[in-house]
Amino acid sequence: MSARDALFYLYGALTLAGAVGIVRASRLVHAVVWLFATMVALAGIYLTLGSELLAGVQLFVYGGAVTVLALFALVLARPAPEVPAHLASISPWVAGVAATALLGALTVAAAGADGLAVAAIAAPDTAAIASEIFGRYVVLFEVAGLLLTVALVGSIVVARKDDAS
Amino acid sequence: MITATHYIVLASALFCIGLFGVMTARSALRVVVAVELMLNAVNLNLVTFALTSAARPAAGLGFVVLLIVVAAAEVGLALALVVALSRTSDITAIDGYATLKG
C-alpha cells in the first residue's frame, strides 16, 4: 500500500465520519462543525487525486465561506425548539433503508466499471485549468460571475428585515 | 491499489448519507447542509471522471470550479431563505413550510 492509498483511506474515513456527524449531531452547531471537518477531509481527497487547485478551492469556498455562512445563518435564525423524532414525516428507518438501497445499487454499478488506476493519472496543473476557463469557456466564467452577483442581491432582498410591515 | 472505483464508491456513500440527512432532518438549516453534502459528492464524481476518462481533463476540472461557484450561490440564497423563514413564521419543523405567499 503506497502513501497515496493510505492517505485516500484516511481522508475517506474522515469524510464519511464527518458526513455521519452532520446527519446525526443532536445540535445544529455541532452539525456545522462536522461540515467543516468533512470539507477539509474532502480537500485532502482532492489532494490524493493530485489536484492542488481544487483542494485549495474546496478549502477556501467550502471549508471557509460556506461554513462561516452556515454559522451566521444559525446565529441570525431564531432558535427553534427541537421537534421530537417521532414527528418527522419520514421515519429514519425508511430513510435509512432507501439510502442504503441506493448506495448498494451505486456500488454494484461502480464495481462493474473497469477501474482505472489513479496513480497513473497526471492531473492537469493550474495553468492548464486557467487557460480552459479563461480561454475556450470564458463566457461560462462571465455567466458564473453574473450568477454570483444576482444570488448576492437576491439573498439580501430575501433576508432583509421588512420595515414597511 | 486505489482505482477510480474507490473514489466513485466514496462519492456514492457521501451522496447517500446526504440523502438520508435530507429525508430525516427536521430543521431547515440541516437540510441545507445535507444538500451541500450531496453536491460535494457530485463534485467528487465529476473530478474523478474528468481525471480518469475525459479527453481534456483540464476542461473537466474547470467545470468543477464553475460548479463550486454555482453551489456557493445556491447556499447563499438557501441560507437567506432559512433566516427569512425563521423570522416570518413560528414553524419549527421543516415539514411545516407547506404554504407559499406569492
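Source: prediction; values computed, not measured.

Q: Kindly report on the interface of chain B and chain A, identifying the contributing residues and their values.
A: It is common to report an interface's size as the accessible area lost on association of the parts. Opposite the 61 residues of chain B that make contact, chain A presents 71 residues. At the level of secondary structure, the elements contributing two or more residues to the side of chain B that touches chain A comprise α1 (4-24), α2 (28-53) and α3 (57-88) of chain B. In terms of residues, the side of chain B that touches chain A owes the most to one element, α3 of chain B, which gives 24 residues. Partitioned by chemical class, the residues of the side of chain B that touches chain A number 41 nonpolar, 15 polar and five charged.

Q: Give a detailed account of helix α6 (residues 138-159) of chain A, specifying residues and quantitative values.
A: Residues and elements named next belong to chain A. When the terminal C-alpha atoms of α6 are compared, their 32 Å separation across 22 residues agrees well with the 32 Å that a helix rising 1.5 Å per residue should span. Those residues of α6 lying buried are A144, A151, S155 and A159. For α6, the buried positions fall inside an angular range of 30° around the axis, keeping them on one side. Pointing more than 90 degrees away from the buried face of α6 are the exposed residues V138, V139, E142, G145, L146, T149, V150, V153, I156 and V157.

Q: Now, about the confidence of the model for chain B: what can you tell me, with residues and values included?
A: All names here are of chain B. With 86% of its residues at a pLDDT of at least 70, chain B reaches an overall mean of 85. Confidence scores differ between elements of chain B, with α3 showing the lowest mean pLDDT of 88 and α1 the highest of 92. Model confidence for the complex: the whole-complex pTM is 0.88, and ipTM, which rates the interface, is 0.88.

Rules and cut-offs
Residues numbered from 1 in each chain as written. Chains lettered and ligands numbered in written order. Predicted model: local features only at pLDDT ≥ 70, side-chain atom pairs only at ≥ 80, totals over all residues. Contact = placed C-beta atoms within 7 Å. Helix = DSSP H or I, 4+ residues; strand = E, 2+ residues; numbered from the N terminus. Nonpolar A, V, L, I, M, F, W, Y, C, P; charged D, E, K, R; others polar. Expected span 1.5 Å × (residues − 1). Buried ≥ 20, exposed ≤ 12 C-beta atoms within 10 Å, placed from the backbone. Arc of directions from axis to C-beta. pLDDT = per-residue confidence, 0-100.

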